[in-house]
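Residues per chain, in single letters:
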Amino acid sequence: MKSRLILALAGVCAIALAVALAIAPSASQTQRASAAVHGLGLHGLSKLQKRHLSGYASFEAGIGVSAKAPAARVNGRMSNASVNLCPRNFGPNVLVNQNCLNVTDANLQGRAQAQNETAIAQNPNNPRQMVAGFNDYRRGDGTCGTAFSTNGGSSWTDSTMPNGYTRGTAFGNVARQYWQAGGDPSVAWDSRGNAYYACQVFMRPGFVTNNPDTSSAVYVFRSTGDAGASWNFTGHPAIETFSSSQATGLPLTDKPYMAIDSSPTSPFRDRIYVAWTQFAADGTGYIFDAFSKDYGQTFSSPVLVSTTSSSLCTNTLGLPTPQGTCNFNQFADPFTAPDGTLYIAYTNFNNTVTGSDNRNQILLTKSTDGGATFSAPVKVSDYYELPDCAAAQGGQDPFRACVPEKGTAQNSIFRASNYASGGVNPTNPNQIVFTVGSYINRDSNESNGCTPNGFNPATGGNLYIGTKTPGACNNKIMLSVSNNAGASFTGSTTDPRLLPVVNTANGQATTDQWFQWAAFTPRGTLATSYYDRQYGSDETTGNMDFSVSTSSNLSSFKVTRATSASMPLPTQFPDAQGNGQFIGDYTGISALSGANPIWPDTRNPDAFLCPGTAAPGVPPALCTGTEPNGLLANDQQIYTRMTPAS
């Protein structure tokens, strides 16, 4: 994920250690980060690394959920447990994960009751065949969840990947390396109808378990001949990072994403690319890539993606520069062109700002030799991170960014951040289009009361005037376009306040949209999906919907509501008030036949054991639960819906 985190020590005692690793937005450009590290634990990553560690990594390391999280108050008995535990479709919204989420102890909400961070891809030879990926918590810890459909997404079969262990050669030359957590998925197809799934795996730190192993890795799985119904075991490594010392815990491999060159005419046909962030012991975060020429059987050595630039990366943040001045990056987004060019975009934090400005930038590098080398970076656009949650929401969830609702409510505190998602227009291979989230944009700027206000000195998070004022600040999905194969973009020199946006419905002018993903149809229509607060009372309650914007000319957009009704705020992984802290860091879309968005949905209630039941002579019964903030406890499950896109 692309998210910002910091490890905050809330208190230490003999029986409890309240440690929270939470998202933070863009780090202060004047801040200097210490290169001293002490492992992924009490002192752990450098300050910048903690802020930008993906949400999946932080939560599955056991350090993103408070040791003193409140329990929901269990109350109303469910009238029909089978319906509540095993929901199906919400009208046109199709359930992707078919498992019934577990009945979890009330003080472990989210564990065994959540799925998030969604990805979806269609077979280019048969678009009715689809595969999906998501973080899956059915076993308690997150693991790599998957599903497949053979009928265009009308129904799905789900499972988890065979990622329990891999060969241990790279981890001390042992027979097996067992993994405690898995997630951050991406999915893709090659040109010959094979499906692929990439996910991150790693070990939890020592203050959660007694295992000294803190290794991490990214594995790629292949489905041959059955369109996602089965996968090879074991997965094959794109990168393996061995760490066996709790005193260091680094390097750490984080936030991978995969792309496959599925063009039959490409000189690199069916080459698989996996890009990731490598957090090093010196405090840096460079983007690397590895490629496979043999259908995922083996991968190349890592290749540096985030190459150096003296003009774009002018602030090295007090960190060393062993691989160049662009030394802190996150959230790689790889994709290919029909001629075999590989493009990888990523967020970068090495720009210089002055005064109250707090923007960062999206950079792009490309490879024309199959991922062996990469060009100098080009700026896709500047962008503004979502606001510091602690400052906007009454001190809740420090060191993370969130999407505050407007008005007096302060329940919307789940971690969120802005990033880029792009692609190549198949009808015009020289046209590269990116969607970029930004809190300052053409609709959310000084003219309507929203003003950047520097950084929170306590957390480094972005501050704004107007965050809670209706009609002032709001997040948007901007467009930046290149018509010269990525040599330059409309956003390279244009202020975010002047870039076009894909959110053009009347109700979107003063409301928030975030967590987008973008894809082109074969005819060149751009489809962008995202969370959306334009409907009903979403903007003031914090509820949310999912929408899709489509355009064949990149100037006029049709906006379609994908959800059949609004979703309540998440309650999984709650903080002290019962507000959900995590709903994933991104979503996905595929557009080979219509637009097929996929998202985590919170409309299904949690189930808990009713008080006084499962006792001698009293059979167990199931009840709903109410959070300390009054919200009905809910699950996170995966839905999709095919929406029109030519």
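Participant: Looking at this structure, how should I read the sheet that holds strand 34 (residues 608-609)?
Facilitator: Across a sheet, strands are paired by hydrogen bonds formed along the backbone, either parallel or antiparallel in direction. Strand order in the open sheet made by the three strands is 3-35-34, with antiparallel pairing throughout. If you trace the sheet from one side to the other, it starts and ends with strand 3 (73-77) and strand 34, each paired once. In terms of strand pairing, strand 3 meets strand 35 (residues 622-626) through three bridges, oriented antiparallel. Considered in strand 35, the bridge of Arg77 is made with Cys623.

Participant: Just checking my understanding: could you explain the side chain of Thr602 for this structure?
Facilitator: Position of Thr602 among the secondary structure elements: in the loop between strand 33 (596-601) and strand 34. Each residue touching Thr602, except ones within four places of it in the same chain, is listed here: Met567, Pro568, Pro570, Ile583, Asn634, Asp635 and Gln636.

Participant: Sorry if this is basic, but what is going on with unusual backbone geometry here?
Facilitator: Excluding glycine, residues mostly carry a negative phi; peptide bonds, for their part, are mostly trans. A cis geometry characterises the amide bond from Phe233 onward to Thr234, with omega recorded as 0°. Note on placement: Thr234 falls in the loop between strand 13 (216-223) and strand 14 (236-241). Unusually for a residue other than glycine, Ala112 sits at a positive phi of about 70°. Structurally, Ala112 is set in the loop between strand 4 (94-95) and strand 5 (115-123). Note on Ala112: relative accessible area 10%, which makes it buried.

Participant: How do you make sense of the sheet that holds strand 21 (residues 360-367) when you look at a structure like this?
Facilitator: With antiparallel pairing, four strands are arranged side by side in an open sheet as 19-20-21-22. At either end of the open sheet lies a strand with only one pairing partner, and these are strand 19 (329-336) and strand 22 (378-383). The sheet shows a mean angle of 20° between the axes of neighbouring strands, taken without regard to direction. Sheet analysis places strand 21 next to strand 22, joined by five bridges and oriented antiparallel. Counted as the bridge partner of Leu364 is Val378 from strand 22.

Participant: Even after reading the chapter, I still don't get the state of the cysteines, so can you show me in this structure?
Facilitator: Such a bond, covalent and formed between the sulfur atoms of two cysteines, is termed a disulfide. One pass over the structure, following the stated rule, counts six disulfides. There is a disulfide in this structure between Cys86 and Cys100, and the S-S distance comes to 1.8 Å. Taking the sign of the torsion about the S-S bond as the criterion, the disulfide between Cys86 and Cys100, at about 110°, is right-handed. Note that Cys86 is positioned in the loop between helix 3 (81-85) and strand 4 and Cys100 in the loop between strand 4 and strand 5, a separation of 14 residues in sequence.

Participant: Which parts of the structure should I look at to understand the packing of aromatic side chains?
Facilitator: Within a pair of aromatic rings, the relevant descriptors are the distance that separates the centres and the angle that separates the planes. According to the stated counting rule, one finds 28 aromatic pairs in the structure shown. Here the aromatic rings of Tyr197 and Trp231 are separated by 6.0 Å at their centres, their planes lie at 70°, and the arrangement is edge-to-face. Here the residue Tyr197 occupies a position in strand 12 (residues 195-202), and Trp231 occupies one in the loop between strand 13 and strand 14, the gap between them amounting to 34 residues. In this structure Tyr197 comes out as buried when scored by relative accessible area, which is 0%.

Participant: Can you help me understand the pairing of strand 7 (residues 141-149) in this one?
Facilitator: Put simply, side chains in a regular strand alternate between the two faces of the sheet. Counting buried positions along strand 7 gives nine out of nine residues, so the element sits mostly inside the fold. Judged from the eight bridges that link them, strand 6 (residues 126-139) and strand 7 form a sheet pairing that is antiparallel. When the sheet's bridge partners are listed, Asn135 is paired in strand 7 with Cys144. Turn length for the strand 6-strand 7 hairpin, with the two strands adjacent in sequence and antiparallel, is one residue, and the turn residue Gly140 shows positive phi of about 105°. Alignment of strand 7 against strand 8 (residues 157-160), held across four bridges, turns out to be antiparallel. By the bridge assignment, Ala147 is partnered in strand 8 with Asp158.

Participant: Looking at this structure, I do not really get the nonpolar core. What am I missing?
Facilitator: By size, the foremost hydrophobic cluster in this structure holds 55 residues, and its most contacted members are Val131, Tyr197, Phe414 and Tyr531. Mapped by element, the contributors of at least two residues to this core are strand 5, strand 7, strand 11 (181-189), strand 12, strand 13, strand 28 (513-520), strand 29 (526-532) and strand 30 (545-551). Counting residues in hydrophobic clusters, the runner-up holds 30 residues, among them Phe328, Ala337, Ile432 and Val501.

Participant: Can you walk me through the pattern of salt bridges in this structure?
Facilitator: In a structure, side chains of opposite charge can pair up when their charged atoms sit close to one another. Across all of its chains, the model carries 18 salt bridges by this definition. Where Asp495 meets Arg359, a salt bridge forms, and the shortest distance between an N and an O atom there is 2.9 Å. In this pair, Asp495 sits in the loop between strand 27 (476-482) and strand 28 while Arg359 sits in the loop between strand 20 (342-348) and strand 21, placing the two residues 136 residues apart along the sequence. Note on Arg359: relative accessible area 14%, which makes it buried. Here Arg415 makes a salt bridge to Asp585, at a shortest N to O gap of 3.1 Å. Linking Arg415 in the loop between helix 4 (389-392) and strand 23 (420-424) with Asp585 in the loop between strand 31 (558-561) and strand 32 (588-590), this pair joins segments that are 170 residues apart in sequence. In this structure, Arg415 and Asp585 share a single accessibility class: buried. Here the residues in one salt-bridge network are Asp357, Arg359, Lys379, Asp382, Glu446, Asp495 and Arg497, joined through shared partners.

Participant: Help me out: how do you make sense of the environment of Tyr439 in this one?
Facilitator: Position of Tyr439 among the secondary structure elements: in the loop between strand 24 (432-438) and strand 25 (451-455). Here Tyr439 falls in the buried class, since its relative accessible area comes to 1%. Along the primary structure Tyr439 and Pro387 are separated by 52 residues, whereas in three dimensions their C-alpha atoms are 7.8 Å apart.

Participant: Would you mind showing me how to read the environment of Ala420 here?
Facilitator: Looking at the secondary structure, you find Ala420 in strand 23. Since its relative accessible area comes to 3%, Ala420 is described here as buried. A sequence separation of 17 residues divides Ala420 from Gly437, and the C-alpha atoms of the two residues are 6.8 Å apart. Excluding its chain neighbours within four sequence positions, the residues that come into contact with Ala420 are Phe331, Asp333, Ile362, Phe434, Thr435, Val436 and Gln516.

Participant: Any chance you could explain the confidence of the model for the chain here in plain terms?
Facilitator: Caution applies to low-pLDDT regions: their predicted coordinates should not be interpreted in detail. In this model, the chain carries a mean pLDDT of 89, and residues with pLDDT of at least 70 account for 89%. Every residue in residues 1-43 scores below 50 in pLDDT, and together they form 203 contacts with partners more than four places removed in sequence or on other chains.

Participant: Honestly, the layout of surface pockets in this entry has me stumped. Any pointers?
Facilitator: Leftover empty space is mapped by rolling, across the atoms, a probe with the size of a water molecule. Each pocket or cavity is described by its volume, and for the largest pocket that value is around 1,100 Å³. Residue lining of the largest pocket: 37 residues in total, with Ile260, Ser262, Thr336, Phe520 and Leu592 positioned closest to the centre. For the lining of the largest pocket, the secondary structure elements donating two or more residues are strand 5, strand 11, strand 15 (252-260), strand 19, strand 23, strand 28 and strand 32. For the lining of the largest pocket, the residue count by class is 25 nonpolar, 10 polar and two charged.

Cut-offs used in this document
Residues numbered from 1 in each chain as written. Predicted model: local features only at pLDDT ≥ 70, side-chain atom pairs only at ≥ 80, totals over all residues. Heavy atoms only, no water. Pairing = 2+ DSSP bridges. Helix = DSSP H or I, 4+ residues; strand = E, 2+ residues; numbered from the N terminus. Contact = heavy atoms within 4.5 Å. Buried < 20%, exposed > 50% of the residue type's maximum accessible area, 1.4 Å probe, protein only. Axes fitted to C-alpha atoms, helices over the stretch in contact; angles between N-to-C directions. Disulfide = S-S within 2.5 Å. Phe/Tyr/Trp six-rings, centres within 6.5 Å; stacked < 30°, edge-to-face > 60°. Core = buried A, V, L, I, M, F, W, Y, C linked by side-chain atoms within 4.5 Å. Salt bridge = Lys/Arg side-chain N within 4 Å of Asp/Glu carboxyl O. pLDDT = per-residue confidence, 0-100. 1 Å grid on protein atoms, 1.4 Å probe; cavity = no way out; pocket = protein on both sides within 12 Å on 5 of 7 lines; lining within 4 Å. Points joined across faces, edges and corners; volume = space filled by probe spheres on them. Nonpolar A, V, L, I, M, F, W, Y, C, P; charged D, E, K, R; others polar.

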